[in-house]
Each structure stands twice: as C-alpha cells, then as structure tokens.
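# Report on the structure
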Amino acid sequence: MTERKDDRLWGGRFERAPNEHFDAFQRSFAFDRRLLPYEIAVDRAWAKALEPIGIFTATEVKQALAALDKIAERAKTDPAWLEQFGADAEDVHHFVEKALVEELGPLGWKLHTGRSRNELVATDFRLFVIDAAAEIQRRLEALLNAFLLQAKANRNVPMAGMTHMQHAQPILLSHFLLAHAEAFARDITRLHHAAESADACPMGSGALAGNSFAIDRNAISRELGFSRITGNSLDAVSDRDFALDYLYALTGIATHLSRLAEDFVLFASQEFSYVILPDEYSTGSSLMPQKKNPDAWELIRGKTGRINGALLGLLTTLKGLPTSYQRDLQEDKEALFAAHDQVADMVAVAAGAIASTKFNASRLAAAASNPALLATEAADYLVHKGVPFRQAHDIVGKVLREAEKQNIAWTTLPLKTLQKISPAFEADFAGSLSLDAALASKKVRGGTAPESVRAAITDLEERLNKKAKKKGAKS
Ligand code: ARG
C-alpha cells in the first residue's frame, strides 16, 4: 500500500492512495496545462478579490501576485521544470497551487479560499475559447484576402458555371471565388457567436452552490475581460454550451474548407485543368514521375472528419449528464484543443494554396464558350419578345434537339430553321447571343455581371476593413 501523498488537493478523507493506473487515468495535466496562462490570470484576479473580504492582506496580495507572475514566467522559459514539477500535478489547478506553496509556503494554501476547480476549469476554458475564436478569425481574414486577391487578378475570366456538375450558365471566375469567400465570412459570424457565449465569468459559483465569502464577482469578471457574470452557479459549473458553439463554428469552417478542397481537387484534374497546382502546396508520387497531387486540399478535406468528430464527441459526453459538475466534463478539452489546432492549420494552408494557385484562363474561357451555356439566354430572349417563359423554355428545347439531330452547335442554326420552330426569333437574335452579353445581363446585386462582381469585391473589402478597424479600436 502506498502512503497518501500530502500535496493532493483532496487527500484528507482518504486512508489509501489511489490505484496507480487509475491515478494516471484521471490526471489531466498533460493536456490542461495548455490552460496555464488563463489559470494564472484567474488566480491573479481571485487573489485581488480576497483582500476586500479580509482573507488576504494587501501585502499578501502583492506576494501572491509576484509568485504567480514568477510561476507563469518559469513555465514559459523553463520547460524542464514544467515537466518535472508537473509530473505529479493532477491538473493545471493543482500545478499552480503546488508551485504557489513552494514559493510562498502556507500562504499559497489560502488562495483556494471559497473556490472550486469546477468554476476554475469552466472559467479558464471560456477564456481559452474566446482567444481561440479570435485567432481563427484572424486566419479566416487572411483567407478572405487571398480570395479577394485572386478575384481581382482574375476579375473578368469567364468560366462554365455548373449545377449537378453539368454545364449550366456562364459565370465569372471571380464570382465563383467570392462564393467561397461569402461562406467563410459567415464563419466569422459563427465565431463571434461562440465567443459571445463564452463571454460570462463563472468565478464565484463555487463547486456548485455559490460563494459564502461575499466575493465581488463583477470585479473578478471585469478584471478578466469578461463582459458579464454567469447567472446560476449550478449551471455555471456544468455548462459547456460555449465549447459546443465553438466546435460548431469549427465544423462550419471545416465543412466550407472541405467543399473548397473538393472544387480544387476536381479543377486540378486533367479532365478540368482549370487550375495549376502550386508546387509549394502539392506533393509528388514515389512511383509515377509525372504526378503532382493536390494533397493540401485532400488533407484539408480529410481532416474535416475529425473536426466533426470533436463536436459529436462532446455532444455525446454532455448528453445525459446530471445537472452540476461531473468529472465527465474533463473530456471537453482534448478534442476541442485538437480541433482548434487542426482548423488553424487548415485555414492557413488553404489561404496559402489559394493565393499561389494559377488559373488556366484559356481553359476556363474555352469551357465557358460552350454554346449550351447560352440556352437560357435564348429563352430569356424569347421572353423579351413576349413569349411566356414556359413556352420559351420548350421552344429552346426543340431548337437544341434539332441541332443535336443535325449534329451541329445549336448557335449555328440558320434563322430560317429557328423561325420554323418559333416565329418569335428575329434578325437580332444572333447578335444578342454571346458569352459577354450573358454575363453582362446578370447585373442584379449578387449576380455574376462584371459590374456586380466589382461591387461585391468592394463590399467584401469594406467588411474586412471594418473588422480590422473595430479590432484596432478595441486594443
Ligand atoms: N481536471 C478537471 C477538469 O478538467 C478539473 C475539475 C476537477 N474537479 C473535480 N471536482 N474533480 O474538469
């Protein structure tokens, strides 16, 4: 039987030490050490709040703050110490208390007055999510800038717009790129929502019931940069909605990245040859010398699986948990940390790959000049001549069938043949039918006409600048 270790946070009522295997199993320091900067920040705020309620003297607060700063500094600069000293820390909260006691002696034991690891871990984790969301937002903004750069450089390159992977109507490549940008702009909104949901300070909730020392919750919350305090102590220690919201935002980003990846994997294939993969973001084959593979995109697409898995994992952990803190909640961190790291990399790699991709403008334009893409224009032409749309659709269908029978491009059918199908075709028809005219006609807001795309570029630039300005104003 092993002797009970005295520096555990909870050893008093135990006669025997935990089983070694179980002890290792229940520890979380290996991963929650990532929360150390937040733990220290919360400890600093707590130390200050202990003075007005008479637990710490002003001098003791100073001592505690100095010791906490020292611990933070040492953890940053002395990895060997972190490893060694952390070896028997149960979790990040235990680690700091142990280090504090080593620095200050018994004074270190006072810091935990009136508080619980249950509220600490919720607070640390909320602070992490707020910072994490801001980091991903910065990376998404770089990705949006990469789209803007390419949209501007290729503003008037036409391509064959598709639905059901079938040629549909001509669009501009810049319009296609900005479609992806819109999705990522929405992701920024989702990140904001996740950060907002994390932005409430649980400190003062205790283990579950609240705090009996009249601690100033608002002061702690303000000090930590939260804009509000949580409303119910029981909910505060068991709520992980902010983590779910963040994971949901990450799955949204990963889903959008994965769809972008799919487009570029297809576009890089020999069949499409719409894009030339940048060497910097491609790899070769160990066997086939000619290969240049879109691995950056394939990995992004592939990694989406584990991001979705992280969300599903936490949802499953939370399902059926009784109200209040349960140790199951310790399972909230690892997958979220990993999902955050992966998405941060995925967004950065995507931004680099987009910025350095070359578009095969002649190939895109050749596909865009497929006459089939103008069929809808012909129907629209007939509508302008007074034919009801459904009938116009039918007439153009007949025209296409006739061309198919003759095995020629339908746009080369003589006017006489067209007029046999419908007298509404007039001499101005041939002249009205062109790729440029088709593009130019889509000049509604949000459409693919060059002028609409120009407006969309300006609009996205303005939205990005506004975000940058807001951030500038904040700091
Ligand atoms: N390591 C724990 C976690 O991540 C901290 C809270 C532990 N609380 C407790 N009562 N055992 O959730």
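For the structure, check the block above.
Residues numbered from 1 in each chain as written. Predicted model: local features only at pLDDT ≥ 70, side-chain atom pairs only at ≥ 80, totals over all residues. Heavy atoms only, no water.

## Observations regarding the overall build of the protein chain
Inclusion rule: Secondary structure elements are defined from DSSP: runs of H or I of at least 4 residues count as helices, runs of E of at least 2 residues count as strands, and each element is numbered from the N terminus. It is over C-alpha atoms that the radius of gyration is taken, and the globule rule equals 2.2 Å times the number of residues to the power 0.38. Each residue is placed in one exposure class: buried if its accessible area under a 1.4 Å probe, protein chains only, is under 20% of its type's maximum, exposed if it is over 50%, and partly exposed if it falls in between. Only heavy atoms enter the contact rule, under which two residues are in contact if any of them lie within 4.5 Å. For the accessible areas, the method is Shrake-Rupley and the probe is 1.4 Å, while residue cover comes only from the protein chains on display.
Secondary structure assignment for the protein chain yields 21 helices and four strands. A compact globule built from 475 residues would reach a C-alpha radius of gyration of about 23 Å, whereas the protein chain, at 31 Å, exceeds it by more than 25%. Each principal axis of the C-alpha atoms in the protein chain carries an extent, and together these give about 100 × 55 × 40 Å. Looking at the 475 residues of the protein chain, the share that counts as buried comes to 47%. Across the protein chain, every contact between residues at least 6 apart in sequence was considered, and the portion connecting residues at least 24 apart equals 75%. With the model as given, the accessible surface of the protein chain reaches about 23,700 Å², and the carbon-plus-sulfur share is 53%.

## What to know about the packing of aromatic side chains
The description of two aromatic rings rests on the distance between their centres and on the angle between their planes. The condition is simple: The pairing test for Phe, Tyr and Trp rings, Trp by its six-membered ring, is centres within 6.5 Å, and the orientation test on the planes gives stacked under 30 degrees, edge-to-face over 60, and tilted for anything in between. By definition here, charges over rings are those cases where NZ of Lys or CZ of Arg is within 6 Å of the ring centre and within 35 degrees of the ring normal.
Under the criterion given, the structure shown has 21 aromatic pairs. Judged by centre distance (5.7 Å) and plane angle (80°), the ring pair of phenylalanine 85 and phenylalanine 95 falls under edge-to-face. Of this pair, phenylalanine 85 sits in helix 5 (residues 79-86) while phenylalanine 95 sits in helix 6 (residues 92-104), and the two are 10 residues apart along the sequence. For phenylalanine 95, a relative accessible area of 0% gives the class buried. Three or more aromatic residues link up through ring pairs in this structure, and these residues are Phe176, Phe264, Phe267, Phe272, Tyr274, Trp297 and Phe359. Cation over ring: lysine 98 sits above phenylalanine 85, and NZ or CZ is 4.1 Å from the ring centre. Its end group placed over the ring of phenylalanine 125, lysine 333 keeps NZ or CZ at 5.7 Å from the ring centre.

## Quick word on the site of the ligand
Condition: Any residue with a non-hydrogen atom lying within 4 Å of a molecule or strand is treated as near it. Any pair of N or O atoms that falls within 3.5 Å is considered a polar contact. Within protein, one atom must be able to donate a hydrogen and the other to accept it, and sequence-neighbouring residues count only if both atoms are side-chain atoms. Think of it as three bins: nonpolar holds Ala, Val, Leu, Ile, Met, Phe, Trp, Tyr, Cys and Pro, charged holds Asp, Glu, Lys and Arg, and polar takes everything else, Gly as well.
With respect to spatial proximity, the complete set of residues near the ligand consists of Ser28, Asp32, Asp91, His93, Arg117, Asn118, Val121, Tyr325, Arg327, Gln330 and Lys333. One nitrogen or oxygen atom from the side chain of serine 28 is found 3.1 Å from a nitrogen atom belonging to the ligand. Residue asparagine 118 places a side-chain N or O atom 3.0 Å away from a nitrogen atom belonging to the ligand. Coverage of the ligand by the protein chains reaches 86% of its 340 Å² of free accessible surface. The element that contributes the greatest number of residues to the shell around the ligand is helix 8 (residues 117-153), accounting for three residues. When grouped by side-chain class, the residues that make up the shell around the ligand number two nonpolar, four polar and five charged.

## Regarding the nonpolar core
Applicable threshold: Residues grouped as a nonpolar core are buried Ala, Val, Leu, Ile, Met, Phe, Trp, Tyr and Cys residues, joined through side-chain atoms within 4.5 Å.
Formed by 122 residues in total, the largest nonpolar core has its most connected members in Phe95, Leu143, Tyr246, Leu257 and Trp297. Not counting chain neighbours up to four residues away, the residues in contact with tryptophan 297 comprise Leu260, Ala261, Phe264, Val265, Leu277, Ala350, Ala353 and Ile354. Listed in part, the 20 residues of the second largest apolar core include Ala379, Tyr381, Val399 and Phe425.

## So, the pattern of salt bridges
Where we set the bar: Salt bridges are identified by distance alone: a Lys or Arg side-chain nitrogen within 4 Å of an Asp or Glu carboxyl oxygen.
For the structure shown, the criterion picks out 27 salt bridges. The shortest N-O distance in the salt bridge between arginine 33 and glutamate 83 comes to 2.7 Å. Taken together, the residues span a long stretch of sequence, with arginine 33 in the loop between helix 2 (29-32) and helix 3 (36-49) and glutamate 83 in helix 5 at a distance of 50 residues. Overall, arginine 33 belongs to the partly exposed group, its relative accessible area being 25%.

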